[in-house]
Amino acid sequence: MQRYLWCAVALAMVGMPAHAQDAEITKLREALRQLQQQVQQLEKRLQDAETRTSTVTQPGRPAASTAFNPEISLILQGTLARSSRDPETYEISGFAPSGGEVGPAPRGFGLGESELIVSANVDPYFRGQLVAALTPENEVEVEEAFFQTLALGRGFTLKGGRFLSGIGYQNEIHQHAWDFQDAPLAYKAFLGGRLNDDGVQARWVAPTDFLLELGAEAGRGRSFPATDPNKNGAGAWSAFAHVGGDLAGSAWRAGLSYLRVKPSDRAFEDTDSLGAPTTQSFTGESKLWIADFVVKSRELKLQGEYFRRREEGDLTFNDTFTDSYNSTQSGWYAQAVYRFRPQWRVGYRYDRLDHGEVSNGIVDNGLGPTAADFPLLMTDHNPTRSTLMVDWSPTEFSRLRLQFAQDKSRAGVTDDQVVLQYVLSLGAHGAHKF
């Protein structure tokens with residue numbers, strides 16, 4: 001380019017006096033220098049624009065150079081806990097044990113569940129994600145491993161694999177993003193902490209100014225409240241609906257959910273009236289309804305859920321007595337979290353379960369075990385818990401939390417709990433659920 005410019009200058013100089021030529025040459029050299037600087041700036045801007053274009057993902061489409069490179073993150077958690085009752089003997093009176101990790105944090109220093117998260121767009125049509133839980137017992141568990149469609153259009157999305165169910169509000173939120181160190185009592189009693197299953201999920205978001213979302217799931221039914229069916233077809237069915245929007249500067253969402261499973265020989269251990277160990281198992285149908293709501297503003301978050309479960313079937317006692325068993329039980333929690341400074345929050349949560357109405361045919365027929373031989377199921381105790389927390393988040397990647405709880409899950413027992421928790425996030429990490 002410089003060669004062509006100099007040719008133009010030479011032609012312009014023909015016929016000029018010598019002193020005039022010297023002055024013009026000086027001016028032209030200065031103009032050429034400025035032009036070269038402008039060309040270099042334009043070339044640099046063009047390179048920057050090409051770089052930005054290659055890293056921006058269009059809606060429903062992967063980026064040209066980085067979309068197929070997985071985002072990898074690691075969540076580290078740990079606790080220092082003190083409790084007045086042994087966490088190893090934890091139970092929720094009036095409710096069959098779920099077998100899930102529902103007890104308080106272990107006494108003393110404890111390593112929490114770490115999470116390794118890998119996610120990426122596979123192509124313009126699918127996205128995949130893996131969440132591997134690294135347990136304190138040196139085991140690796142697959143918490144989520146699913147594909148999700150990107151280009152079905154018309155508001156439809158399909159998900160398949162193992163994933164956290166869309167029922168309720170908190171169920172889809174990973175544990176490190178909870179506002180308290182542990183799950184509400186209702187989640188522990190009715191879902192074993194949370195529900196994740198192997199199956200498929202269909203979700204539709206309506207093209208409206210407000211949120212209108214409908215979803216349905218068919219799953220294997222591999223864990224509580226179901227039992228692994230070892231059969232063809234689905235063992236768990238669920239559906240949910242959510243609505244939401246903005247109101248007076250706050251965002252809100254409300255929902256209704258339904259879960260139906262058919263457990264077979266769902267067993268748990270108890271003790272009889274003489275203190276001898278017993279084994280009881282339930283076979284039948286379990287239906288769960290959940291109503292949830294959440295309201296968020298810049299400083300305040302209000303959240304609550306109501307659970308109601310109906311179970312009908314047969315109960316077996318020590319493989320000897322079998323008769324009908326029907327129960328209707330419920331529970332709820334409500335919590336508020338207030339951000340009083342940019343990096344500080346304080347929160348309070350109240351939980352309550354209602355043991356409800358229980359009909360035990362083994363006890364009613366009077367031919368065998370009595371109500372005293374079913375201390376877990378046949379009780380008038382309604383578990384409650386009050387929890388207070390304060391946490392500090394110096395950045396979006398780290399959080400320290402101090403939590404106090406008065407837990408009355410066990411009949412006639414009050415467990416005072418104090419937990420200091422840390423949560424650290426390493427690497428790329430996507431946005432959390434609303």
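Here, every reference points to the structure presented above.
Values in this document were obtained by computation on a predicted structure and should not be read as measured data.

A. Inspection of the packing of aromatic side chains at higher detail. Following the criterion strictly, the structure yields 11 aromatic pairs and no others. Between Phe282 and Tyr325, the ring centres sit 5.8 Å apart and the planes meet at 70 degrees, which makes this aromatic pair edge-to-face. Note that Phe282 is positioned in strand E12 (residues 277–296) and Tyr325 in strand E14 (residues 321–341), a separation of 43 residues in sequence. With respect to burial, Phe282 and Tyr325 carry one shared label: buried. Between Trp332 and Tyr350, the ring centres sit 5.6 Å apart and the planes meet at 50 degrees, which makes this aromatic pair tilted. In this pair, Trp332 is assigned in strand E14 and Tyr350 in strand E15 (residues 344–360), connecting sequence segments 18 residues apart. Exposure remark for Trp332: the relative accessible area of 34% places this residue in the partly exposed category.

B. Representation of the nonpolar core in the model. Core analysis: the largest hydrophobic core is formed by 27 residues, its most contacted members being Phe190, Leu191, Leu259, Leu288, Phe307 and Leu353. Where this core is concerned, the elements lending two or more residues are helix H3 (185–191), strand E10 (250–261) and E12. Setting aside its immediate chain neighbours within four residues, Phe307 contacts Ala186, Tyr187, Phe190, Leu191, Leu288, Trp289, Ile290, Gln329, Ser330 and Gly331. In this structure, Ala96, Phe268, Phe317 and Phe374 belong to the second largest nonpolar core, which totals 11 residues.

C. Focus on a negative patch on the surface. Negative charge collects at one region of the surface, where Glu101, Glu137, Glu139 and Glu141 lie side by side. Mapped onto the secondary structure, Glu141 falls in strand E5 (residues 140–149). Take Glu141: its relative accessible area is 34%, and that puts it in the partly exposed class.

D. Region of interest: the pairing of strand E16 (residues 384–395). Bridging between E15 and E16 involves 9 bridges; their strand directions are antiparallel. Residue pairing in the sheet places Asp351 in a bridge with Arg385 of E16. Sheet analysis places E16 next to strand E17 (residues 398–408), joined by 10 bridges and oriented antiparallel. The residue of E17 that forms the bridge with Val390 is Leu402.

E. Summary view of empty space enclosed by the protein. Tallied over the entire structure, the rule returns 4 cavities of 30 Å³ or more. The volume enclosed by the largest cavity comes to roughly 140 Å³. Looking at the largest cavity, it is lined by 19 residues, and the ones nearest its centre are Leu195, Asp197, Glu217, Gly219 and Ala236. Looking at the lining of the largest cavity, the elements that each hand over two or more residues are strand E7 (196–205), strand E8 (211–219), strand E9 (236–247) and E10. If one sorts the elements of the lining of the largest cavity by residue count, E7 sits on top with 4 residues. Split into classes, the residues belonging to the lining of the largest cavity amount to 10 nonpolar, 6 polar and 3 charged.

Criteria and thresholds
- Residues numbered from 1 in each chain as written.
- Predicted model: local features only at pLDDT ≥ 70, side-chain atom pairs only at ≥ 80, totals over all residues.
- Heavy atoms only, no water.
- Phe/Tyr/Trp six-rings, centres within 6.5 Å; stacked < 30°, edge-to-face > 60°.
- Helix = DSSP H or I, 4+ residues; strand = E, 2+ residues; numbered from the N terminus.
- Buried < 20%, exposed > 50% of the residue type's maximum accessible area, 1.4 Å probe, protein only.
- Core = buried A, V, L, I, M, F, W, Y, C linked by side-chain atoms within 4.5 Å.
- Contact = heavy atoms within 4.5 Å.
- Patch = residues over 30% accessible without salt bridge, like charges linked within 9 Å, V, L, I, M, F, W, Y side chains within 5 Å.
- Areas by Shrake-Rupley, 256 points an atom, 1.4 Å probe, with all protein chains shown as cover.
- Salt bridge = Lys/Arg side-chain N within 4 Å of Asp/Glu carboxyl O.
- Lys, Arg positive; Asp, Glu negative; His and termini not counted.
- Charge placed at Lys NZ, Arg CZ, Asp CG, Glu CD.
- Pairing = 2+ DSSP bridges.
- 1 Å grid on protein atoms, 1.4 Å probe; cavity = no way out; pocket = protein on both sides within 12 Å on 5 of 7 lines; lining within 4 Å.
- Points joined across faces, edges and corners; volume = space filled by probe spheres on them.
- Nonpolar A, V, L, I, M, F, W, Y, C, P; charged D, E, K, R; others polar.

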